[in-house]
Amino acid sequence: MSSDPFGRDADGLSKPSRRRFVQGLAAGGAIAGLGLWPKPAWALKGPGNANVLSGTEFDLTIGETPMAFTGRVRSAVTVNGSLPAPVLRWREGSTVNLRVSNALPAGSVHGHETSIHWHGILLPANMDGVPGLSFDGIHRGQTYRYRFDVRQGGTYWYHSHSGFQEQAGLYGALIIDPVEPEPFAYDRDYVVLLSDWTDLDPRRLFSRLKKMPMYDNHALRTVGDFMRDAGRDGLAATLADRRQWGRMRMSPTDLSDVNANTYTYLLNGSTSLGNWTGLFRGGEKLRLRFINGSAMTHFDVRIPGLKMTVVAADGQYVHPVTVDEFRIATAETYDVIVEPSGQDAFTIFAQDMGRTGYVAGTLAVREGLRAPVPPVDPRPLLSMADMGHGGMAAAKAGEMACGANMGMPGMDHGAKPGMGHGAGMQSHPASETGNPLVDMQAMSPVAKLDDPGIGLRDNGRKALSYSMLKSAFDDPDGREPGREIELHLTGHMERFAWSFDGRKFADAEPLRLNYGERLRIVLVNDTMMTHPIHLHGMWSDLEDAQGGFLVRKHTIDMPPGSRRSYRVRADALGDWAYHCHLLYHMEAGMMRTVRVGEGIA
């Protein structure tokens, strides 16, 4: 049987993934002519900044570069030959000019077109970098000139919005120095960019997800689990539990579609063996700018032995909150301050939400040191309450929700705006009823703002939750929303189909917003997956449980069975992407166009 350039058999499915907790057999990194590539230091304030490009004029060339993170050489999509792409450092109040050239070779497996989207940045629609919405993309041999005013400060990132190039390496950190002094002090400043790498051709990975969405779930429950649960919970309860999951054709162990059974996790482009190291001297304060640039991975981050004080979320200042651990969804950023002392080295430990793997780096007084790496936490299991069915007492409701999509009468009550913030039985849009692309409906979703997330509850560590994030400024708009749009995150696990309100992107009309209006968007997650939702071009002002302004973000994470609301000021004319930031969910249809215009809604 022949193999493709990624070492896969012709169908891309015949070789089972190898289970491994250590992310990669090699330290990982670029190979230029099979020589070693210089390892960037990633320090923004302190010694070493070889991978940082600063100023207002930038020339970025997108091409292919051979990489080896697992011991096998694969083709990555890089910017100026670097994975991750160079750190770009701008200044608020400036105007930046970026000339982005497409140097992908003819016949590239990554396509002939490319793009760069500036994630979380306020800019004109034609500078947003989404082919088909913002512009026509950058074709092979072409150069596109981005030019826009920088109107904000903070920690952001950039990535491709073409095909699966983001998965293949086209992502980088974007740091904007603010005009005003920052409300906290530090001595050293490091980017910590987390990502996931696969040796698979991303197109093959997507094809595998469509055919075998449970491929990476190696933790399916066994007869032994059944016997253990029956002994602990009783036979009747265990049988009822298994029947319920069986009717839904789901597994409580299915926390992520792709995990470390396929992925090698990276920290600033290094595997754990590569041991990226940020240096410090005793008594110093370090600013760590965490960015989740992965395609499909939620990370839970901690530094054993150190408290972390969160001072910014998605680039915006928050009232400082000190925690032991935080979950960072794909596309989110968190800035934290740490004060290492008392030992020479500390481990930055980032494990995936499904507890299948991790990546680790080090903070140390000198290169070459390493602190103990903790074991991966026990694997959590989803419950009916996690999925918005109100726990076992409402298990029957869960069965009805499932049944609604297997030809039984549905639970649809029609879309009713103004349902408040999660009290009572949830209604659903008519488009979900009998929809072959919808396999579940949450019956009693709640905001879950106080919940740090599955796997982080009661683990003995203080974990960050959204309710602990409070913007360090008042509601920048101040107006009450004039109207409300409710959207449901929907999907079908077995078909790997994802959508809003049961309508895939290709079949959905744009959401229309009147220029200048203030509105509320309510999201209800009707699936068993967690979806980080990103609205381009405008802020998402998350509301608290009482409907008050809580925190300004560009990406709102939506756990299963959650109902969260946020305010949007439609102050950016044009067409904007609105989507789940899990790359393969977006590609499978969980995306909409948001159109902002004069009097169009």
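Procedures and definitions
- Residues numbered from 1 in each chain as written.
- Predicted model: local features only at pLDDT ≥ 70, side-chain atom pairs only at ≥ 80, totals over all residues.
- Heavy atoms only, no water.
- Helix = DSSP H or I, 4+ residues; strand = E, 2+ residues; numbered from the N terminus.
- Polar contact = N/O pair within 3.5 Å; in protein donor to acceptor, adjacent residues only side chain to side chain.
- Contact = heavy atoms within 4.5 Å.
- 1 Å grid on protein atoms, 1.4 Å probe; cavity = no way out; pocket = protein on both sides within 12 Å on 5 of 7 lines; lining within 4 Å.
- Points joined across faces, edges and corners; volume = space filled by probe spheres on them.
- Nonpolar A, V, L, I, M, F, W, Y, C, P; charged D, E, K, R; others polar.
- Domains from an automatic or database assignment.
- Buried < 20%, exposed > 50% of the residue type's maximum accessible area, 1.4 Å probe, protein only.
- Arc of directions from axis to C-beta.
- Phe/Tyr/Trp six-rings, centres within 6.5 Å; stacked < 30°, edge-to-face > 60°.
- Salt bridge = Lys/Arg side-chain N within 4 Å of Asp/Glu carboxyl O.

If you look the protein up in an unreviewed UniProt entry, it shows as Copper resistance system multicopper oxidase from Thermomonas aquatica.

Undergrad: Could you give an account of the side chain of glutamine 167, with specific residues and numbers?
TA: Summarising the element assignment, glutamine 167 is placed in the loop between strand 13 (154-159) and strand 14 (171-177). Within the structure, glutamine 167 has its side chain in polar contact with the side chain of tyrosine 584 (distance 3.1 Å). In contact with glutamine 167, not counting residues within four places along its chain, are Asp196, Trp197, Thr198, Pro202, Leu205, Tyr263, Ala295, Leu583 and Tyr584.

Undergrad: Please provide a residue-by-residue account of the layout of surface pockets, values included.
TA: If you add up the space inside the second largest pocket, you get close to 430 Å³. Surrounding the second largest pocket, 25 residues form its lining, His161, Ser162, Gly163, Phe164 and Glu587 being those nearest its centre. Elements represented by at least two residues in the lining of the second largest pocket include exactly helix 1 (202-211) and helix 5 (583-588). With three residues, the single largest contributor to the lining of the second largest pocket is helix 5. Its residues assigned to classes, the lining of the second largest pocket comprises eleven nonpolar, nine polar and five charged.

Undergrad: Please provide a residue-by-residue account of empty space enclosed by the protein, values included.
TA: On inspection of all chains with the given rule, the structure shows seven cavities of 30 Å³ or more. What the largest cavity holds in volume is close to 300 Å³. In terms of lining residues, the largest cavity is bounded by 25 residues, among which Arg327, Pro452, Gly453, Asp557 and Pro559 are the most central. Looking at the lining of the largest cavity residue by residue, the class counts come to 14 nonpolar, three polar and eight charged. Taken domain by domain, the lining of the largest cavity gets at least three of its residues from each of domain 2 (183-217 + 253-381) and domain 3 (430-597).

Undergrad: Describe helix 1, naming the residues involved and giving the relevant values.
TA: Among the residues of helix 1, Pro202, Leu205, Phe206, Arg208 and Leu209 are the ones counted as buried. The arc enclosing the buried residues of helix 1, seen along the axis, measures out at 160°, which places them on a common side. At its buried positions, helix 1 is contacted by helix 5.

Undergrad: Break down the packing of aromatic side chains for me, with residues and values.
TA: For the coordinates displayed, the defined rule picks out 25 aromatic pairs. On the basis of an interplanar angle of 55° and a centroid distance of 6.2 Å, the ring pair of tryptophan 118 and phenylalanine 148 is categorised as tilted. One end of the pair, tryptophan 118, is in strand 10 (residues 117-119); the other, phenylalanine 148, is in strand 12 (residues 143-149), with 30 residues separating them in the sequence. With relative accessibility at 0%, the residue tryptophan 118 sits in the buried group.

Undergrad: How would you sum up helix 2 (residues 223-233)? Please name residues and give values.
TA: The complete set of buried residues in helix 2 reads Asp225, Asp229 and Ala230. Along the long axis of helix 2, the arc covered by the buried residues comes to 135°, so they all point the same way. Residues of helix 2 that are exposed and point over 90 degrees away from its buried face: Val223, Met227 and Gly231. Positive backbone phi, at 100°, marks glycine 234, one or two positions downstream of helix 2.

Undergrad: Outline the pattern of salt bridges, supporting the account with residue identities and numerical values.
TA: It is possible for side chains of opposite charge to pair when their charged atoms get near one another. Under the defined criterion, the tally for this structure stands at 41 salt bridges. Taking the shortest distance from any N to any O, the salt bridge between glutamate 543 and arginine 567 comes out at 2.6 Å. Of this pair, glutamate 543 sits in strand 31 (residues 540-543) while arginine 567 is found in strand 34 (residues 563-569), placing the two residues 24 residues apart along the sequence. Residue classification places arginine 567 among the buried positions, given a relative accessible area of 5%. Residue aspartate 575 is joined to arginine 595 by a salt bridge in which the shortest nitrogen-to-oxygen separation is 2.8 Å. Here arginine 595 lies in strand 36 (residues 591-597) and aspartate 575 lies in strand 35 (residues 574-580), a separation of 20 residues in the sequence. The exposure class of arginine 595 is partly exposed, given its relative accessible area of 29%.

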